[in-house]
Amino acid sequence: MLGKLLKQEFGATARYFIPLYGLILILTPLFALTFRMMSNMDMDIESAGLSVIASIAALGIFGYAFLIIAIFIATLILIVIRFYKTTATSEAYLTFTLPVKTYQIVLSKTLAATAWEILAGIIAIFSVIGMFCISGFVTFHEMMDGLRSLFDGLFIYMDGDDYLTASLILISILTGTIASVMKVYCAISLGQLFRNHRILISIGFYFAIYFALQIISMFLSVGGIIFLQGDNLSQSYYNYTYSISILENVAVSVAGFWVTTFIMKKHLNVI
């Protein structure tokens, strides 16, 4: 049944995310071609046209940077809207009349949202690579050769501790993505415990959770520096930091999942 829920969730959300990511992939070469055309223009440095082109180039750079940031912001906004509409509005009647367990509904939404956030990161990486290649800063073969040399060098010089650090970084990113989704879901669910101003209360809960976790992370980081005798630049410190981050993300994910499931099961309050 979880598979059917995931299929339904991906089908319902794909109509928003696929056009969004498709738009990013279309705009990237347009920005890149604009930069390439401007870089190929042979103009006198004293000409008035140069300042215009420089201004356009600056706007293009800011526009592209905003485009990359917008990938993640738009993804998060769509995830929030999708969850809120299907669990706190009239659409929730359809959601919770399905012959499935409440935890399966929450789990399917969490997995789908996490997958879209990971895809957003992949799209952003390919967009940046495409920008550099199409605009002429580097050729595709030069970039591939550079990446190949980088990875070859890493594999040659990396030892066991380096592999451990790299693994901890990847796990930290994955668990952090899941935790970010669960923080949003948990805040929205807590907001449903109130009759009025539930959106504002949910936003308040989210920032309360966020700042509380930041304080906890700060104390754990300071504790790590003290425990490792102040050597905050050592590999041991980085491994400690990423390990604590993973444990914190797992704890946040589990707690958020439990709170969200419990509220939906016992205190569902649909508009």
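Residues numbered from 1 in each chain as written. Predicted model: local features only at pLDDT ≥ 70, side-chain atom pairs only at ≥ 80, totals over all residues. Heavy atoms only, no water.

Another aspect to go through is the overall build of the chain. The helix and strand tally for the chain stands at eight helices and zero strands. Going from the N terminus to the C terminus, the chain shows its helices and strands as α-α-α-α-α-α-α-α. Considering only contacts within the chain whose residues lie at least 6 apart along the sequence, 77% involve residues at least 24 apart. Of the roughly 16,400 Å² that the chain leaves accessible, carbon and sulfur atoms contribute 74%. (Helix = DSSP H or I, 4+ residues; strand = E, 2+ residues; numbered from the N terminus. Contact = heavy atoms within 4.5 Å. Areas by Shrake-Rupley, 256 points an atom, 1.4 Å probe, with all protein chains shown as cover.)

Here alanine 14 lies in helix H1 (residues 2-40). Classification of alanine 14 as partly exposed rests on a relative accessible area of 21%. A sequence separation of 98 residues divides alanine 14 from alanine 112, and the C-alpha atoms of the two residues are 9.9 Å apart. Setting aside chain neighbours within four positions, we find alanine 14 in contact with Pro19 and Trp116. (Buried < 20%, exposed > 50% of the residue type's maximum accessible area, 1.4 Å probe, protein only.)

Applying the stated criterion to the full structure yields ten aromatic pairs. Aromatic side chains phenylalanine 83 and tyrosine 185 sit 3.8 Å apart centroid to centroid with 10° between the ring planes, which places their arrangement in the stacked category. One end of the pair, phenylalanine 83, is in helix H2 (residues 48-88); the other, tyrosine 185, is in helix H6 (residues 160-191), with 102 residues separating them in the sequence. Classification of phenylalanine 83 as buried rests on a relative accessible area of 1%. Here the aromatic residues Phe10, Phe17, Tyr21 and Trp116 are joined through ring pairs into a cluster of three or more. (Phe/Tyr/Trp six-rings, centres within 6.5 Å; stacked < 30°, edge-to-face > 60°.)

Let us now look at the side chain of arginine 198. By secondary structure assignment, the location of arginine 198 is in helix H7 (residues 198-227). Here the side chain of arginine 198 touches glutamine 192 through a polar contact of 3.0 Å, side chain to side chain. (Polar contact = N/O pair within 3.5 Å; in protein donor to acceptor, adjacent residues only side chain to side chain.)

Next up on the list: the nonpolar core. Counting residues in hydrophobic clusters, the biggest one holds 27 residues, and the most contacted among them are Tyr21, Ile71 and Tyr185. When residues of this core are traced back to their parent elements, those giving at least two are H1, H2, helix H4 (102-135) and H6. Top contributing element to this core by residue count: H2, with eight residues. What isoleucine 71 contacts, discounting residues up to four positions off in sequence, is Tyr21, Ile24, Ala120, Ile123 and Ala124. (Core = buried A, V, L, I, M, F, W, Y, C linked by side-chain atoms within 4.5 Å.)

Attention now goes to H4. Since the α-helix turns once every 3.6 residues, residues separated by three or four places project in the same direction. The terminal C-alpha atoms of H4, which comprises 34 residues, lie 49 Å apart, in line with the 50 Å expected from a rise of 1.5 Å per residue. Looking at the residues trailing H4, positive phi occurs at glycine 136, about 95°. (Expected span 1.5 Å × (residues − 1).)

A separate point is the pattern of salt bridges. For the coordinates displayed, the defined rule picks out two salt bridges. Residue arginine 82 is joined to glutamate 9 by a salt bridge in which the shortest nitrogen-to-oxygen separation is 3.1 Å. A residue pair is termed long-range when its members are at least 10 positions apart, and arginine 82 in helix H2 and glutamate 9 in helix H1 qualify at 73 residues. Here the two residues arginine 82 and glutamate 9 agree in accessibility, since each one is buried. Across the salt bridge formed by glutamate 9 and lysine 109, the nearest N and O atoms sit 3.3 Å from each other. With a gap of 100 residues between them, glutamate 9 in helix H1 and lysine 109 in helix H4 connect regions that are remote in the sequence. (Salt bridge = Lys/Arg side-chain N within 4 Å of Asp/Glu carboxyl O.)

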